[in-house]
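Single-letter residue listing:
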Amino acid sequence: MSTKGTSSPAAEHAEGDFGWSLGVLLRALHGSLESVLGDLPHGPRGYQTLSTVVHGDQPSQLALAAHLGIDRTVLTYLIDDLVEAGLVERRLNPADRRQRKIVATDKGAATLRDLEQRVRAVEDRVLEVLDADEREVFRKLLRRAACGVRDIEADTDPCVVVEEVLGTGSATPGA
C-alpha cells in the first residue's frame, strides 16, 4: 500500500466515514474536471451524454434521456448544443422512422477520445496517493460496487451506465 499521503487528525477521525470519503473524492474530481470539460457544452453532463452516444446504442432521444436519467426536455437543449458544436447529429432511426437517434459525428468521436484521455489523467491526479496498481483495483472495486446497485431506478441498469460512462466496453459485474 502506498504511503504518499499524510494523515491528519481530521482524516483519521473520518477513516470509517464512507460518505465523507466519497464526497471528498467527488468534489476533487468535479473541481478538476471543470478545466478539462469547461469548453464542452454542458461540461460533465455533456461529456456523459457524448460518451453514451459514442459507446452506447440508444434507439431514440427519449431512450437516451431515460438511460442517462435526464429529463427529456433538458436533454433536448443539451443535444441542441452538442449538435451546434458539431459533436452529434439527429438521424432518423432506421428501425422506427418516427424516432430520432442521436449519433456522434466524426468530430464528436475524436473529441471524446481526447477528452477520455484527459479525464483519465484528472482521475489519476485525484487518486495520486495510490500507486498505478492500486488505482486500477480501486476503479474495478468501485465499478463492481456501482454495478451491484440494482434498486436505484428500476428501468436503468447502473452497471451498463457505469461501463458506458467509463468507456470500458465491458458491462460484466465484477469485471
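If you trace the backbone, Asp71 turns up in the loop between helix H4 (61–68) and helix H5 (72–84). On the basis of relative accessible area, Asp71 is assigned to the partly exposed category, the value being 46%. Only 2.2 Å separates the side chain of Asp71 from the side chain of Thr73, close enough to count as a polar contact.

A separate point is H4. Residues Gln61, Leu64, Ala65, His67 and Leu68 constitute the buried set of H4. Considered in projection along H4, the buried side chains sweep an arc of 165° and stay on one side of the axis. Remark: Gly69 follows H4 within two positions and exhibits a positive phi of approximately 70°.

What follows is about the packing of helix H2 (residues 18–37) against helix H6 (residues 106–126). Their axes nearest at 9 Å, the elements H2 and H6 cross at an angle of 145°. Considering the relative orientation of H2 and H6, their crossing is right-handed. Contacts between H2 and H6 involve Leu25, Ala28, Leu29, Ser32, Leu33, Ser35, Val36 and Leu37 from the first element and Leu115, Arg118, Val119, Val122, Glu123 and Val126 from the second. Residue composition of the contact of H2 with H6, grouped by class: 10 nonpolar, two polar and two charged.

For the coordinates displayed, the defined rule picks out 11 salt bridges. Glu136 is paired through a salt bridge with Arg120; the nearest N and O atoms lie 2.2 Å apart. Taken together, the positions of Glu136 in helix H7 (residues 132–147) and Arg120 in helix H6 put the pair 16 residues apart, joining distant regions of the chain. Taking relative accessible area as the criterion, Glu136 reaches 31% and is therefore assigned partly exposed. One network of salt bridges, with partners in common, ties together Arg120, Glu123, Asp124, Arg135, Glu136 and Arg139.

This paragraph deals with a nonpolar patch on the surface. Residues Phe18, Leu22 and Leu142 make up a contiguous nonpolar surface patch of about 310 Å² in total accessible area. Within the element layout of this structure, Phe18 appears in helix H2.

Before going further, it helps to spend a moment on helix H3 (residues 43–55). Look at H3: 18 Å from first C-alpha to last across 13 residues, which is about the 18 Å you get at 1.5 Å a residue. The set of residues buried in H3 consists of Gly43, Gly46, Tyr47, Thr49, Leu50, Ser51, Thr52 and Val53.

Calculation notes
- Residues numbered from 1 in each chain as written.
- Predicted model: local features only at pLDDT ≥ 70, side-chain atom pairs only at ≥ 80, totals over all residues.
- Heavy atoms only, no water.
- Helix = DSSP H or I, 4+ residues; strand = E, 2+ residues; numbered from the N terminus.
- Buried < 20%, exposed > 50% of the residue type's maximum accessible area, 1.4 Å probe, protein only.
- Polar contact = N/O pair within 3.5 Å; in protein donor to acceptor, adjacent residues only side chain to side chain.
- Arc of directions from axis to C-beta.
- Axes fitted to C-alpha atoms, helices over the stretch in contact; angles between N-to-C directions.
- Left-handed = near helix turned anticlockwise from the far one by under 90°.
- Contact = heavy atoms within 4.5 Å.
- Nonpolar A, V, L, I, M, F, W, Y, C, P; charged D, E, K, R; others polar.
- Salt bridge = Lys/Arg side-chain N within 4 Å of Asp/Glu carboxyl O.
- Patch = residues over 30% accessible without salt bridge, like charges linked within 9 Å, V, L, I, M, F, W, Y side chains within 5 Å.
- Areas by Shrake-Rupley, 256 points an atom, 1.4 Å probe, with all protein chains shown as cover.
- Expected span 1.5 Å × (residues − 1).

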